[in-house]
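Structural features, examined
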Amino acid sequence: MVTGGGGSIGSELCRQLAGHGVKRLIIFDMYENNAYEIQQELKRNCPELDLVTLIGSVRNTNRLNSVFETYRPDVVYHVAAHKHVPLMEHNCIEAIENNVFGTRVIVEMCEKHNAERFMMVSTDKAVNPTNVMGATKRMCEMIVLSASTHGKVKYSATRFGNVLGSAGSVIPLFKRQIANGGPVTLTDKRIIRYFMTIPEASQLVLQSGAMAQNGELFVLDMGKPVKILDLAENMIRLSGVQGIDIVETGLRPGEKLYEELLVKTEELDKTPNSMIFIERDTPLCEHDINVKLKDLRAACDTEDDNVAREALRKAVPTFRKPEEVNRTADQSKEMANTRENV
């Protein structure tokens, strides 16, 4: 079963799982158009696949209870999440409800209906998060790792950076801007990001999930970071269109200059795959997680985004203000450049 199976990563996971000859594939997504597109594609390309396409929200306990009771999935890939950083900054309660409590519901269903494995897709934005989206994903990691200490299911999470061409990402935006004659907009010319293709990231997610024993937080080697300014300049050059300007618009709310993939870089174990590593992250006990979730529930019930944001900041101790992280990162970058020049 793939939650968020109609999204950029979810749909590619479905393609690859279909190619591996799974007995049955359940696509679960709240967006019917996305689910319909991948359903039709898989029907054409894998006509023998036992495919079930279901519409619903990961927040809906009754719906998911019915789904798990009916289909009894052995392996669950939890990909469903709100992911857009600026949007979630202004929709904090919605981000917590969908990402955090949605993850909690899926974990509960896996335990109740005896799934064998649960694998969550996470993000580099969960590392020392500076925005609501990243903080909710860090909380999701904490829920999953805590469940591995007391549950029956084998749990793991896999964290990676940006994927090339995903919905709402920078490359489709630049393509549209170039096609319209410009300008190409950058929030900040210093911004650096890690990138990987969707098929490559999805393959590594499947491999990490397969090698999971229980309680691992996998980190993918995303290669060398890319300067977004260089990306924009190369795309303009390759397009052959002349006179396209690049304009800085300023960092968006919650945006980092430099993404990180690890919470503690020194605590990293190798795996048989040279592109997959394991971060040694100490899980919280069930009681501590439940206290955090209780506080988040009470904050969300106020219907006040500011109250919810503060509760999230308390629940995720590494959640910091972007100006603090960006200032520190910029200073570190300048020191590294100075050492290189010397």
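Figured I'd write up the structure that's included with this text. (Residues numbered from 1 in each chain as written. Predicted model: local features only at pLDDT ≥ 70, side-chain atom pairs only at ≥ 80, totals over all residues. Heavy atoms only, no water.)

Comments concerning the overall build of the chain
Assigned secondary structure in the chain consists of 12 helices and 15 strands. Overall size of the chain, expressed as C-alpha extent along the three principal axes, is 60 × 45 × 45 Å. Looking at the chain as a whole, 51% of its 342 residues qualify as buried. Look at the contacts in the chain between residues 6 or more apart in sequence, and 79% of them connect residues 24 or more apart. Accessible surface, the chain as shown: approximately 16300 Å² in total, 49% of it carbon and sulfur. Between the centroid of the 42 positive side chains of the chain and the centroid of its 46 negative side chains there is a distance of 1 Å. (Helix = DSSP H or I, 4+ residues; strand = E, 2+ residues; numbered from the N terminus. Buried < 20%, exposed > 50% of the residue type's maximum accessible area, 1.4 Å probe, protein only. Contact = heavy atoms within 4.5 Å. Areas by Shrake-Rupley, 256 points an atom, 1.4 Å probe, with all protein chains shown as cover. Lys, Arg positive; Asp, Glu negative; His and termini not counted. Charge placed at Lys NZ, Arg CZ, Asp CG, Glu CD.)

A closer look at the pairing of strand 6 (residues 154–160)
The element strand 6 is extensively covered by neighbouring structure, given that six of its seven residues are classed as buried. Looking at chain direction, strand 5 (residues 117–123) and strand 6 are connected through seven bridges and run parallel. The residue of strand 6 that forms the bridge with Thr123 is Phe160. Remark: the strand 5/helix 6 (residues 132–150)/strand 6 crossover connection has right-handed handedness. Pairing analysis gives four bridges linking strand 6 to strand 11 (residues 216–220), with the strands arranged parallel. By the bridge assignment for strand 11, Arg159 is matched with Val219. (Pairing = 2+ DSSP bridges. Right-handed = clockwise from strand over helix to strand, strands pointing away.)

Details of empty space enclosed by the protein
Scanning all chains against the criterion turns up one cavity of 30 Å³ or more. Along the walls of the largest cavity sit Val75, Tyr77, Arg117, Phe118, Met119, Lys154, Tyr155, Ser156, Gly209 and Ala212, which together make up its complete lining. When residues of the lining of the largest cavity are traced back to their parent elements, those giving at least two are strand 4 (75–78), strand 5 and strand 6. Per-class residue counts for the lining of the largest cavity are six nonpolar, two polar and two charged. (1 Å grid on protein atoms, 1.4 Å probe; cavity = no way out; pocket = protein on both sides within 12 Å on 5 of 7 lines; lining within 4 Å. Points joined across faces, edges and corners; volume = space filled by probe spheres on them. Nonpolar A, V, L, I, M, F, W, Y, C, P; charged D, E, K, R; others polar.)

A word on the packing of helix 6 against helix 11 (residues 305–315)
Their axes nearest at 10 Å, the elements helix 6 and helix 11 cross at an angle of 45°. Accordingly, the angle class assigned to the pair helix 6 and helix 11 is oblique. The way helix 6 lies across helix 11 gives a crossing that is left-handed. Here Val132, Ala135, Thr136, Met139 and Met142 of helix 6 come into contact with helix 11, specifically with Arg309, Leu312 and Ala315. (Axes fitted to C-alpha atoms, helices over the stretch in contact; angles between N-to-C directions. Parallel < 35°, antiparallel > 145°, perpendicular 65-115°, else oblique. Left-handed = near helix turned anticlockwise from the far one by under 90°.)

Quick look at helix 2 (residues 32–45)
One turn of the α-helix equals 3.6 residues, which is why residues spaced by three or four share an orientation. Spanning 14 residues, helix 2 covers 20 Å between terminal C-alpha atoms, matching the ideal 20 Å at 1.5 Å per step. Regarding helix 2, the residues found buried are Ala35, Ile38, Gln39, Glu41 and Leu42. Buried positions in helix 2, seen along its axis, are confined to an arc of 165° and lie on one side of it. Set apart from the buried face of helix 2 by more than 90 degrees, the exposed residues are Glu32, Asn33, Glu37 and Arg44. (Expected span 1.5 Å × (residues − 1). Arc of directions from axis to C-beta.)

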